[in-house]
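An overview of the molecular structure
Here are the chains, one letter per residue:
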Amino acid sequence: MSIFEYNGSAVVAMVGKNCFAIASDRRLGVQLQTIATDFQRISKIHDHLFIGLSGLATDVQTLYQRLVFRHKLYQLREERDMKPETFASLVSAILYEKRFGPYLCQPVIAGLGDDNKPFICTMDSIGAKELAKDFVVSGTASESLYGACEAMFKPDMEAEELFETISQALLSSVDRDCLSGWGGHVYVVTPDEIKEKILKGRMD
Amino acid sequence: MKLDTSGFETTMPVIGFGSNSEMLDGVSSVPSFDLPRTTDFDGFQKKSVEMVKPAKGTTTLAFIFKEGVMVAADSRASMGGYISSQSVKKIIEINPYMLGTMAGGAADCQFWHRNLGIKCRLHELANKRRISVSGASKLLANMLYSYRGMGLSVGTMIAGWDETGPGLYYVDNEGGRLKGDRFSVGSGSPYAYGVLDSGYKFDMSIEEASELARRSIYHATFRDGASGGVASVYHVGPQGWTKLSGDDVGELHYHYYPVAPATAEHVMEEAA
């Protein structure tokens, strides 16, 4: 198993009508052994910007701390929150700085930009941005996630339907992966509120 | 290229799979397989062994107690990180009074258990009495020993009831054969041993023993990524084996650890 599969992870983000949803699994493992079932993979940067990080857990935590630090500095200097597109470029630059000794994570960025237009993108571990209009996935269960999202996604879903769709896609994909699952964590973000839900999944 | 297969020959009459003998159907001795014709035989063998990936990602367990033998297993098949199936039968019915468990390569276990079943039936017909668990496990161990080093992956337990009472043997692809009271095989076995060893008593009823077996498999599926699916529990008694339960492990979790409903508001209750 490769180093990206050492801890196991699954992250997915989907676009809806003036809203987005980002979801992850909750398992932290050491190869096949499960250590924890409440690991935080998705973190809030500001009210309309979330980042989910899959891959090696130590890099997930360190990279998150660095990004929060950079964003706080930006807030102090510019006196406003970062736009999602700008943040994505920041993450890409930080990852490429370590081109020859990279952070072993694949981030998924989801946010609401100008006019509350949802923005999602994913990157590989050295910062290659991949923008998408519908959904992005990452982690050990990514191949299953691609299939499930492709089948279940519809454009312009409202928040309730988006929550159902992303939850089903996540749970059915991690049920085909030994290294991720053990519950789910979903954030559905609209211009007015953030809804956070824990999913009851198979614990095997 | 004719390879030297004298290592396969035994003192018994060797009848290969493809030969047409009227007397027997070719299973009275070690079955012989065609070898591939390649220029790099060792390299080819090495690649095919890696392809089979003997990872033994599973949890199986068996133990002897007052009322017989309890056998339990999960039902997940994994290929590296991918779950290829959640509904694999890992407890193989060799004959109505003997069970074998599967850990390792599925094809290897299925084939050799069926082969063992054939040998046991032939023994019954030739000797007019059932084969003992000790004898059956010895037959299997000897066959696996002759294929030692060739990349078979079999970690099995033979559980049964014969004239001497309950019997349990562990047999693996190295040719090892161990007699014992409690075994667990597979990547989830450390977790299953933890629950099994702390809850085990010889004087258990069938219900207590089956609950212990089911709980051990459940805990192993929770902690081990390569185990999951359905926890099957079988009991072997003097009349043969019976399947006691087959519970989906996902539902078992919430049965053992129900999600406490969050208290939204406090309700005015009548004083008891």
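Residues numbered from 1 in each chain as written. Chains lettered and ligands numbered in written order. Predicted model: local features only at pLDDT ≥ 70, side-chain atom pairs only at ≥ 80, totals over all residues. Heavy atoms only, no water.

1. Observations regarding the overall build of chain A
Operational definition: To qualify as a helix, a DSSP run of H or I must reach at least 4 residues; to qualify as a strand, a run of E must reach at least 2; elements of each kind are numbered from the N terminus. It is over C-alpha atoms that the radius of gyration is taken, and the globule rule equals 2.2 Å times the number of residues to the power 0.38. For each residue, the accessible area found with a 1.4 Å probe, counting protein chains only, is set against the maximum for its type, and the residue is called buried under 20%, exposed over 50%, and partly exposed in between. The contact definition used throughout considers only heavy atoms, calling two residues in contact when any of these lie within 4.5 Å. Accessible surface area values rest on a Shrake-Rupley calculation with a 1.4 Å probe, where residue burial reflects the displayed protein chains alone. When charges are counted, Lys and Arg contribute as positive and Asp and Glu as negative, whereas His and the chain ends are disregarded. Charged groups are reduced to one reference atom each: NZ for lysine, CZ for arginine, CG for aspartic acid, CD for glutamic acid.
Along its length, chain A carries 4 helices and 12 strands. Over its C-alpha trace chain A gives a radius of gyration of 16 Å, about what one expects of a compact globule, namely 17 Å for 204 residues. The dimensions of chain A, computed from C-alpha atoms along their principal axes, are 45 × 40 × 25 Å. Burial statistics for chain A: of 204 residues in total, 55% are counted as buried. Taking contacts inside chain A between residues at least 6 apart in sequence as the whole, the part at least 24 apart equals 62%. As displayed, chain A offers around 9,100 Å² of accessible surface, 49% of which is attributable to carbon and sulfur atoms. Here chain A holds 22 positive side-chain charges and 28 negative ones, and the gap between their average locations is 4 Å.

2. Considering the sheet that holds strand β5 (residues 42-46) of chain A
The strands making up a sheet are joined through hydrogen bonds of the backbone, oriented either antiparallel or parallel. All names here are of chain A. Heads up, the rule is: For two strands to pair, DSSP has to find at least two bridges joining them. Angles run from 0 to 180 degrees between N-to-C directions of axes, and those axes are lines fitted to C-alpha atoms, restricted for helices to the stretch in contact.
Pairing in this open sheet of 5 strands is antiparallel, and the strands run β5-β6-β7-β8-β9 from one edge to the other. Both edges of this open sheet fall to β5 and β9 (129-132), since each of them pairs with a single strand only. Strand after strand, the sheet turns through a mean of 20° between neighbouring axes, direction not considered. Summarising the sheet, β5 and strand β6 (residues 49-55) pair through 4 bridges and their orientation is antiparallel. Bridged to lysine 44 within β6 is phenylalanine 50. The strands touched by helix α1 (residues 57-78) within the sheet are β5, β6 and β7 (105-112), with β6 carrying the most contacts at an inclination of about 155°.

3. Points about the interface of chain B and chain A
The following threshold applies: Accessible-area loss on putting two parts together, using a 1.4 Å probe and summing over both, is the definition of buried area adopted here. Salt bridge, as used here: a side-chain nitrogen of Lys or Arg that lies within 4 Å of a carboxyl oxygen of Asp or Glu. Polar contact criterion, stated in full: a pair of N or O atoms within 3.5 Å, where within protein one must be able to donate a hydrogen and the other to accept it, and residues adjacent in sequence count only if both atoms are side-chain atoms. Here the nonpolar group is Ala, Val, Leu, Ile, Met, Phe, Trp, Tyr, Cys and Pro; Asp, Glu, Lys and Arg are the charged ones; every other residue, Gly included, is treated as polar.
Between chain B and chain A, the contact holds 26 residues from the first and 18 residues from the second. Here chain B and chain A share an interface that buries about 1,700 Å² over both sides, 49% of which is from carbon and sulfur atoms. Looking only at chain B, the three residues that lose the most surface to chain A are Phe222(B), Arg223(B) and Tyr254(B), adding up to 30% of its buried area. Along the contact surface separating chain B from chain A lie 2 salt bridges. The closest approach of N and O atoms between Arg202(A) and Asp248(B), which form a salt bridge, is 2.9 Å. Counting the contacts that link chain B with chain A gives 13 residue pairs in polar contact (both at pLDDT 80 or more). Of all the secondary-structure elements, those providing two or more residues to the side of chain B that touches chain A are β4 (82-85), α5 (206-223) and α6 (249-256) of chain B. Looking at the side of chain B that touches chain A residue by residue, the classes come out as 8 nonpolar, 14 polar and 4 charged.

4. Digging into the pattern of salt bridges
Residues and elements named next belong to chain A. The full count for this structure, using the stated rule, is 17 salt bridges over all chains. A salt bridge links aspartate 47 to lysine 44; the nearest nitrogen and oxygen atoms lie 2.9 Å apart. With a relative accessible area of 40%, lysine 44 lands in the partly exposed category. Notably, a salt bridge pairs arginine 80 with glutamate 78, separated by 3.6 Å at the nearest N-O pair. Given the relative accessible area of 41%, glutamate 78 is considered partly exposed.

5. A few points about helix α4 (residues 189-199) of chain B
Definition in use: Summarising the geometry, the arc corresponds to the directions from the helix axis toward the C-beta atoms.
Considered for burial, the residues of α4(B) that qualify are Ser189(B), Tyr191(B), Ala192(B) and Leu196(B). Down the axis of α4(B), the smallest arc covering the buried residues is 160°, so these residues share one side. In this structure, α4(B) carries Pro190(B) and Ser198(B) as exposed residues pointing more than 90 degrees from its buried face. Taken together, the buried residues of α4(B) touch β4 (33-36) of chain A together with β1 (60-65), β10 (182-185) and α5 of chain B.

6. Let's talk about unusual backbone geometry
With the exception of glycine, most residues fall at negative phi, and the peptide bonds are largely trans. Residues and elements named next belong to chain A. For glutamine 31, which is not glycine, the phi dihedral falls at a positive 55°. Assignment of secondary structure puts glutamine 31 in the loop between β3 (28-30) and β4. In this structure, aspartate 115 is a non-glycine residue whose phi angle is positive, near 60°.

7. Observations regarding the packing of α1(A) against helix α2 (residues 84-97) of chain A
Geometry of a packed helix pair, given as the angle between the helix axes and the separation of the axes. Residue and element names in this part refer to chain A. Stated formally: Orientation is classified from the angle alone, with under 35 degrees giving roughly parallel, over 145 giving roughly antiparallel, 65 to 115 giving roughly perpendicular, and any other angle giving oblique. Here a crossing is taken to be left-handed if its near helix is turned anticlockwise relative to the far helix by less than a right angle, and right-handed if that turn runs clockwise.
For the pair α1 and α2, interaxial distance at closest approach is 11 Å and the crossing angle is 130°. Overall, the two elements α1 and α2 adopt an arrangement that is oblique. Regarding α1 and α2, the two cross each other, and that crossing is right-handed. Residues Leu63, Leu67 and Arg70 of α1 pack against Phe87, Leu90, Val91, Ile94 and Leu95 of α2. Of the residues contributing to the contact of α1 with α2, the split by class is 7 nonpolar, no polar and 1 charged.

8. Considerations on helix α4 (residues 159-174) of chain A
All names here are of chain A. Put simply, the rule reads: Given a helix with a known number of residues, its expected span is that number minus one, times 1.5 Å.
For α4, spanning 16 residues, the distance from its first C-alpha to its last is 22 Å, which sits close to the expected 22 Å at 1.5 Å a residue. By the burial criterion, the buried members of α4 are Ala159, Leu162, Phe163, Thr165, Ile166, Ser167, Ala169, Leu170, Leu171, Ser173 and Val174. For α4, the elements touching its buried residues are β1 (10-15), β2 (20-25), α3 (142-152), β11 (184-189) and β12 (194-199).

9. As for the pairing of β4(A)
In the case of a regular strand, side chains alternate between the two sheet surfaces. Here β3(A) pairs with β4(A) via 3 bridges, running antiparallel. The residue bridging Val30(A) from the neighbouring strand is Gln33(A), located in β4(A).

10. Section: the packing of aromatic side chains
All names here are of chain B. Under the convention used in this document: Note on ring pairs: Phe, Tyr and Trp rings are taken, using the six-membered ring of Trp, and paired if centres are within 6.5 Å. Classes follow the plane angle, with under 30 degrees stacked, over 60 edge-to-face and the rest tilted.
For the structure on display, the rule yields 12 aromatic pairs over all chains. Centre to centre, the rings of tryptophan 112 and tyrosine 147 are 5.4 Å apart; their planes meet at 50°, and the pair counts as tilted. Of this pair, tryptophan 112 sits in helix α2 (residues 106-127) while tyrosine 147 sits in the loop between α3 (133-146) and β7 (155-162), placing them 35 residues apart in sequence. On the basis of an interplanar angle of 35° and a centroid distance of 6.4 Å, the ring pair of tyrosine 218 and phenylalanine 222 is categorised as tilted. Within this pair, tyrosine 218 and its partner phenylalanine 222 are both found in helix α5, separated by 4 residues, close to a single helical turn. The two residues tyrosine 218 and phenylalanine 222 agree in class, both being buried. Pairwise contacts between aromatic rings join Tyr218, Phe222, Tyr256 and Tyr257 into one cluster.

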